[in-house]
Amino acid sequence: MSTAETNNKETRGFQSEVKQLLHLMIHSLYSNKEIFLRELISNASDAADKLRFQALSNADLYQGDAELGVKLSFDADNNTLTVSDNGIGMTRDDVIEHLGTIAKSGTKEFFAKLSDEQSKDSQLIGQFGVGFYSAFIVADAVTVRTRAAGVNADQAVQWHSAGEGDYTIEDITKETRGTDIVLHMREEGKEFLSEWRLRDVISKYSDHIGIPVSIWTQERDEEGKETGQGKWEQINKAQALWTRSKSDITDEEYQEFYKHVSHDFADPLLWSHNRVEGKNDYTSLLYIPAKAPWI
């Protein structure tokens, strides 16, 4: 059931599987809190990839903004962390489909695979495509503001939920394309309202992401005191892994990249990274999983 209000605002109930997921995130994965950031940045990177693909046949979707990236900022006074991207964005129907339900088949199997091993369970979140909900590990409420590529500013949408049985959705005006996810942090999440903590997690999980991941930093004087001025600072390398020299890539980077593209929770059995030069030049990066894929 949904209730119509101003600005085409509705209150909708979550699909039952989403309720199960939210309960898991809120009550079962505290020891793996930092995975939420890995998942939200990965989703933002996917949104950029989708925009690039669609723009191959319709360059107007860029709307004069082709420099794709992810930006993180926090407000310690108001206990909020914001993850923003300028990727493909979502329409109202997209938001209802992707944030209110789990359309992917295999959801029951996802729950069946859960165990008491929190590190394993946290990796399954990405494998089964439900990473957005990991935001509720650290947040007691989440607000999503999104505008799909190619639509007007007044056709944007806001989604909000406290992670319980329902969510609200309404039409808003958003000047920029893409998605802003605002996390209203619970006590357990306040450690991430720190520039250095964010740097650490980005470097650990998202260094291989192929677009810039930046955080809003405070400039400091020679004595290390904040000047009151800020700037965006890129944290990750933002270079496709396979284009880098093998001697510059650590085993950990190869493994994290594999997990990013495959959503596998285990390290690969082995990999092969080769560059062939001749009449035709090409680079290949081949992974072999440690186990046969789950079907």
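Scroll up to find the structure this text is about.
Residues numbered from 1 in each chain as written. Predicted model: local features only at pLDDT ≥ 70, side-chain atom pairs only at ≥ 80, totals over all residues. Heavy atoms only, no water.

1. Observations regarding the pairing of strand S10 (residues 270-276)
What counts is decided by this rule: Should DSSP find at least two bridges between two strands, the strands are taken to pair. Comment: elements are numbered from the N terminus, with helices defined as DSSP H or I runs of at least four residues and strands as E runs of at least two.
As judged from the 7 bridges shared by S10 and strand S11 (residues 282-288), these two strands associate in the antiparallel manner. Its bridge partner lying in S11, Ser272 is registered against Leu286. Connecting S10 to the next strand, S11, in antiparallel fashion are 5 residues.

2. Observations concerning the sheet that holds strand S6 (residues 166-172)
Note the following rule: Lines fitted to C-alpha atoms define the axes, with helix axes restricted to the stretch in contact, and inter-axis angles between N-to-C directions lie between 0 and 180 degrees. It only takes one pair of heavy atoms within 4.5 Å for two residues to be counted as in contact.
The 9 strands are arranged S1-S6-S5-S4-S7-S3-S2-S8-S9 in an open sheet whose pairing can be described as mixed. Only two strands of the sheet have a single neighbouring strand rather than two, namely strand S1 (10-13) and strand S9 (226-234). Strand-to-strand twist across the sheet, computed as the mean angle between neighbouring axes with direction ignored, equals 20 degrees. The pairing of strand S4 (residues 139-147) with strand S5 (residues 156-161) spans 5 bridges and is classified as antiparallel. By the bridge assignment, Thr143 is partnered in S5 with His160. In the packing of helix H2 (residues 35-55) onto the sheet, contacts are made with strand S2 (70-75), strand S3 (80-85), strand S7 (178-185) and strand S8 (213-220), and the angle to S3 comes to roughly 25 degrees.

3. With respect to a nonpolar patch on the surface
We apply this condition: Patch membership is restricted to residues that have no salt bridge and whose relative accessible area is over 30%. Joining uses 9 Å for like charges and 5 Å for the nonpolar side chains Val, Leu, Ile, Met, Phe, Trp and Tyr. Residue-level accessible areas treat just the shown protein chains as cover; the underlying method is Shrake-Rupley with a 1.4 Å probe. Any carboxyl oxygen of Asp or Glu within 4 Å of a side-chain nitrogen of Lys or Arg constitutes a salt bridge here. Burial here depends on accessible area, computed with a 1.4 Å probe over protein chains only, as a share of the maximum for the residue type. Under 20% is buried, over 50% is exposed, and the range in between is partly exposed.
Together, Leu269, Leu270, Leu286 and Ile288 give the surface a local cluster of nonpolar side chains, amounting to about 370 Å² of exposed area. The exposure class assigned to Leu269 is exposed, which follows from its relative accessible area of 56%.

4. Details of the nonpolar core
Threshold: Throughout this description, the term nonpolar core refers to a set of buried Ala, Val, Leu, Ile, Met, Phe, Trp, Tyr and Cys residues connected via side-chain atoms within 4.5 Å.
Ranked by internal contacts, the top residues of the largest apolar core, which has 57 residues, are Phe36, Leu72, Phe132, Val142, Trp159 and Leu183. A per-element tally of this core places H2 first, with 10 residues. Setting aside residues no more than four positions away along its own chain, Phe132 makes contact with Leu40, Asn43, Leu99, Val142, Val144, Trp159 and Ile181. The next biggest cluster of nonpolar side chains, apart from the first, holds 6 residues, and it includes Leu241, Ile249, Tyr258 and Tyr287.

5. A short note on the environment of Glu252
Relative to the elements of secondary structure, Glu252 occurs in helix H7 (residues 251-262). Judged by its relative accessible area of 52%, Glu252 falls in the exposed class. Sequence separation between Glu252 and Lys204 is 48 residues; the distance between their C-alpha atoms is 9.2 Å.

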